[in-house]
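# Summary of the model geometry
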Amino acid sequence: MRTNYVYDFADGDMDMKDLLGGKGANLAEMTRLGLPVPPGFTITTEACRFYLERGTTPPELDAEVDLHLRRVEQAIGRRLGDPGDPLLVSVRSGGRFSMPGMMETVLDIGLTDVTVAGLAAHGGERFAWDCYRRLISMYGSTVTGIPGTEFEGALEALRRERGVATDPELSAADLRELVGAYKKIFHAHTGTDFPQDPAEQLRDAVLAVFRSWNTERARVYRNAEHIPDDLGTAVNVMAMVYGNRGTRCGTGVAFTRDPATGARGVYGDYLPNAQGEDVVAGIRDALPLQELERLDGACYARLVEIMGVLERRYRDLCDIEFTIEDGRLWMLQTRVGKRTAAAAFIIAAQLVDEGVIDLDQALRRVDGAALAQLMFPRFDLEGAPEPIATGVAASPGAASGRAVFDSHRAVEAAGRGEPVILVRRETNPDDLPGMLAARGILTSRGGKTSHAAVVARGMGRTCVCGAAELDVDTAGGLLRSGPVTVREGDMISVDGITGKVYLGELPVTPSPVVRYFEGDLDAAAGPLVHAVSRLVAHADATRRLDVQANADTPEDAARARGFGAAGVGLCRTEHMFLGERRVLVERLILAESEEEVAAALAELLPLQREDFTGILAAMDGLPVTIRLIDPPLHEFLPPLEELLAASTDRDRALLAAVRRMHESNPMLGLRGVRLGLAVPGLFAMQVRAIGEAAAARVREGGDPRPEIMVPLVGDVRELALVRAEAERVLAGIPGAPPIPVGTMIEVPRAALTAGDIAAEAEFFSFGTNDLTQMAWGLSRDDAESSFLPQYLRLGVFATSPFESIDERGVGRLVELAVQEGRAARPGLRVGVCGEHGGDPASIHFFHRAGLDYVSCSPYRLPVARLEAGRAALPPAG
């Protein structure tokens, strides 16, 4: 079957975006609706892919372009290259997904030293030479790669010489002189004269648009927006209509609703006597769109009418580009408009109220990323100083506080009521108290899934990681960034949305969305809160997945319940051994006899029981999955560097213990179930604390539902030994309710032998952080600080496997474990408690894989609830 590489605007429609790109499909749709669209045609994405793959265009493309160009000439009554009355055309990119400003555009193609006179005869000298200078600059920068600053510099020099501030103040003679200057720039950079063959101009412009698909900025944008690299772009060739032809001409951009707030109305900008690129470039101050009503009432009325037609057709906010030529309105583009996160929710709810879409469709139009943006405070950056550094925007929000370089001092300062920003090279678990005390966290190392980032997101703390410009001296209590030095106690501000760091305190705007979820506002508190509450409620009614929380303290559990958690999917017991309790773990490590071990465990037992009692009370009536201790014990000891200067017997004993327990790769060493089996009584103490806490809650009239989760199991025999011990302990606790025992699936072997393990496990919970590390054979922290950024740039990873689940690799392990586990134990309850449990894309995968629940940090619960609902929606019809 013969492939058509070119389609007239009249031959397509809005559903052909894969072939015609978004811009081409929408131009075709407007043409079908009978709206005033200049004649033109679209060169398909297939032609672009052919060119990018083979370095040449399809053999039949030139003939097809020529055929469709003839049709445009017939429709408009002018011919490309005609010296008397020339047709000029624009060449614009248009991919399947909108990538504003990322690819190329060339206007006024067809102008030469000969045809400029013909254009002048029909539109005036000034207009013609203005178009010619625009063509040379756009063609020069787009097709031949001449720096745009060369042309801008010549234009600025001419304005200065003539004593004018704006382009329209230049005369026809001035612009003719500018064309001469532009030609010299073109020759100086290319060694050739500006091409005088309109067909050559057109062909070169089309190829330049094809090539622009693979520019660095386009790649970066696609990576950020998760747009595939293999789609290619279409090219739209359209007869020029002129907004720069005089006072009855102009160009503008219109929105059918406010893209910033979602408010209904007519919004946009209009620029008289200008071409479309002038509005985008901001060369001149545009007028509010409403001013067009005064300048040209008929065109304004027609535009408002068309805006209504397009919004009804697309059933969404529309972004429209238009030109007025001698009092005639032309539509150059429309698309579903980009909008802020707040506007996305508000517009979706409005359209439901207007009967345009239903709640399922509204839910499809918002997402977790937008909701996450709305949940964090933001800086008011108007008048803000220049940032002193930029890092990775690891956890959204806006935080100002005094720079503190030590966790303990951060706790002390916060205790005095001082706002604190904890500044570290990188964080570790011992920094948790300071992280809890701080308003924000700033590190010079790490990335989006580093310790600092993961913990900060879980706690709802603002975090900027990997600010490599910063030289952090924790011992000296200062940081340097170029000539700037920040000392402990100096006020700084970190922006977790942009990754920027500022000196001083910046004003912030609180998030009403968080206040709603925390119960401080009701659902009627403004259109944004109303829209968010309504769509999250619909997601709750739609979703199949339960959404639980990762919570380690009663306070976290209570907050999670307020945020809509259906239980605790991960309670990490190791966090309960930090701070003042660490000395008890040290006693356990230093114990030299069974009696000393038992004594140390006996001291830990009531503390653990108290912790579990509080969490079970906060989650009364809901499941609480408690993971037995996971990290190796030496992580609770002081760092080796601190102990090398040991001066007491205790320090020397700890130093010996650190050396004795040293492991080359602790992640694969004595931890999790191995630790529980190697240290007699350790897991038994924790199980007893859980059972006694549950029994106490029953006596108080509560409904405790604890579950015991064994970490790092790789073989069913490990789990069988722990489960047997747990059941013996629980059987001796009067009044303890039934407490299921399950396991984390985080070792690849566990996933591959899930059928065996299910014989002993009453539930599975995927620990996808470790499962990802072991499946890929890499360390998350090391990868983040070394090769992972390069892998993302090279396209080895489309996104970090620690942010979104690797469906082809790790995902297959998950699917296999679910299938084999349920085959061995029908009805086996399966969830996920890794960082992926709060990631929108991963939630959709877990829904498809048949999991029963996801668990995430409390502040990600609304996002997870929303995405679980979106995952359950039927396919859009």
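### Looking at the sheet that holds strand β2 (residues 40-43)
- Judged by pairing direction, the sheet is antiparallel, and its 5 strands sit side by side in the order β1-β2-β7-β5-β6 without closing on themselves. What marks the edges here is a single partner per strand, and that holds for β1 (6-8) and β6 (105-109). Strand-to-strand, the axes of this sheet are offset by a mean angle of 20°, without reference to chain direction.
- Two strands pair when backbone bridges link them, and β2 and strand β7 (residues 233-239) are joined in this way by 4 bridges, in the antiparallel orientation. Across the sheet, the residue bridging to Gly-40 is Met-238, located in β7.

### Observations concerning empty space enclosed by the protein
- Evaluation of the coordinates by the stated rule reveals 3 cavities of 30 Å³ or more.
- Arg-92, Met-240, Val-241, Thr-323 and Leu-332 are, among the 13 residues lining the largest cavity, the residues nearest its centre.
- The set of elements that each furnish at least two residues to the lining of the largest cavity consists of β5 (89-95) and β7.
- Within the lining of the largest cavity, the residues separate by chemical class into 7 nonpolar, 5 polar and 1 charged.

### As for the sheet that holds strand β8 (residues 250-257)
- The antiparallel open sheet is built from 5 strands, whose spatial order is β10-β9-β8-β11-β12. Edge positions in the open sheet fall to β10 (287-288) and β12 (328-336), since each of these has one partner strand only.
- When strand β9 (residues 264-272) meets β10, the two strands line up antiparallel, connected through 2 bridges. Opposite Tyr-270, over in β10, you have Leu-287 as the bridge partner.

### A word on a nonpolar patch on the surface
- A cluster of nonpolar side chains, Tyr-791, Leu-794 and Val-796, forms an exposed patch at the surface whose accessible area comes to about 280 Å².
- Using a relative accessible area of 59% as the deciding quantity, one classes Leu-794 as exposed.

### Quick word on the packing of aromatic side chains
- A full pass over the atoms with the stated rule returns 17 aromatic pairs.
- Aromatic side chains Phe-563 and Tyr-859 sit 5.4 Å apart centroid to centroid with 75° between the ring planes, which places their arrangement in the edge-to-face category. Within this pair, whereas Phe-563 is found in the loop between α21 (554-562) and β27 (568-572), its partner Tyr-859 is found in the loop between β33 (853-856) and α36 (861-871), the two being separated by 296 residues in sequence.
- Overall, Phe-563 belongs to the buried group, its relative accessible area being 1%.
- Assessed through its relative accessible area of 15%, Tyr-859 is described here as buried.
- Three or more aromatic residues link up through ring pairs in this structure, and these residues are Trp-129, Tyr-132, Tyr-139, Phe-186 and Phe-194.
- Looking at Arg-96, its charged tip hangs above the ring of Phe-97, at a distance of 4.8 Å from the centre.
- The aromatic ring of Phe-763 is capped on one face by Arg-829, whose charged end is 5.8 Å from the ring centroid.

### Structural notes on the nonpolar core
- Counting residues in hydrophobic clusters, the biggest one holds 145 residues, and the most contacted among them are Phe-345, Phe-766 and Leu-851.
- Element by element, the count of residues in this core is highest for helix α13 (residues 341-353), at 11 residues.
- The residues touching Phe-766, leaving out its near neighbours within four places in the chain, are Ile-745, Leu-771, Val-814, Ala-817, Val-818, Val-830, Gly-831, Val-832, Cys-833, Gly-834 and Leu-851.
- Residues Leu-111, Cys-131, Tyr-182 and Val-209 belong to the second largest nonpolar core, which totals 60 residues.

### Things to note about a negative patch on the surface
- A grouping of Glu-592, Glu-594, Glu-595 and Glu-596 is seen on the molecular surface, where their side chains present a negatively charged patch.
- Structurally, Glu-594 can be placed in helix α23 (residues 594-618).

### Brief notes about the packing of helix α5 (residues 125-143) against helix α6 (residues 148-162)
- Their axes nearest at 8 Å, the elements α5 and α6 cross at an angle of 155°. In terms of orientation, α5 and α6 fall into the roughly antiparallel class. Each of Arg-133, Ile-136, Ser-137, Gly-140 and Ser-141 in α5 lies in contact with α6, whose residues at this interface are Gly-148, Phe-151 and Leu-155.
- Here the contact of α5 with α6 is built from residues that sort into 3 nonpolar, 4 polar and 1 charged.

### Quick look at the environment of Glu-177
- Inspection of the secondary structure puts Glu-177 in helix α7 (residues 172-190).
- Along the primary structure Glu-177 and Trp-129 are separated by 48 residues, whereas in three dimensions their C-alpha atoms are 9.1 Å apart.
- Here Glu-177 is in contact with Leu-158, Glu-161 and Arg-162, once residues within four sequence places are set aside.

### Details of the pattern of salt bridges
- A full pass over the atoms with the stated rule returns 54 salt bridges.
- Across the salt bridge formed by Asp-62 and Arg-203, the nearest N and O atoms sit 2.6 Å from each other. With Asp-62 in helix α3 (residues 61-76) and Arg-203 in helix α8 (residues 198-212), this pair connects stretches of sequence that are 141 residues apart.
- The class of Arg-203 is partly exposed, set by a relative accessible area of 34%.
- Here Asp-353 makes a salt bridge to Arg-534, at a shortest N to O gap of 2.7 Å. Here Asp-353 is found in helix α13, whereas its partner Arg-534 is found in helix α20 (residues 527-542), with 181 residues between them in sequence.
- The class for Asp-353 is exposed, based on a relative accessible area of 52%.
- Beyond isolated ion pairs, a larger network of salt bridges with shared partners links Asp-130, Arg-133, Arg-134, Glu-156, Arg-159, Arg-160 and Asp-167.

What counts, and where the lines are drawn
Residues numbered from 1 in each chain as written. Predicted model: local features only at pLDDT ≥ 70, side-chain atom pairs only at ≥ 80, totals over all residues. Heavy atoms only, no water. Pairing = 2+ DSSP bridges. Helix = DSSP H or I, 4+ residues; strand = E, 2+ residues; numbered from the N terminus. Axes fitted to C-alpha atoms, helices over the stretch in contact; angles between N-to-C directions. 1 Å grid on protein atoms, 1.4 Å probe; cavity = no way out; pocket = protein on both sides within 12 Å on 5 of 7 lines; lining within 4 Å. Points joined across faces, edges and corners; volume = space filled by probe spheres on them. Nonpolar A, V, L, I, M, F, W, Y, C, P; charged D, E, K, R; others polar. Patch = residues over 30% accessible without salt bridge, like charges linked within 9 Å, V, L, I, M, F, W, Y side chains within 5 Å. Areas by Shrake-Rupley, 256 points an atom, 1.4 Å probe, with all protein chains shown as cover. Salt bridge = Lys/Arg side-chain N within 4 Å of Asp/Glu carboxyl O. Buried < 20%, exposed > 50% of the residue type's maximum accessible area, 1.4 Å probe, protein only. Phe/Tyr/Trp six-rings, centres within 6.5 Å; stacked < 30°, edge-to-face > 60°. Lys NZ or Arg CZ within 6 Å of the ring centre and 35° of its normal. Core = buried A, V, L, I, M, F, W, Y, C linked by side-chain atoms within 4.5 Å. Contact = heavy atoms within 4.5 Å. Lys, Arg positive; Asp, Glu negative; His and termini not counted. Charge placed at Lys NZ, Arg CZ, Asp CG, Glu CD. Parallel < 35°, antiparallel > 145°, perpendicular 65-115°, else oblique.

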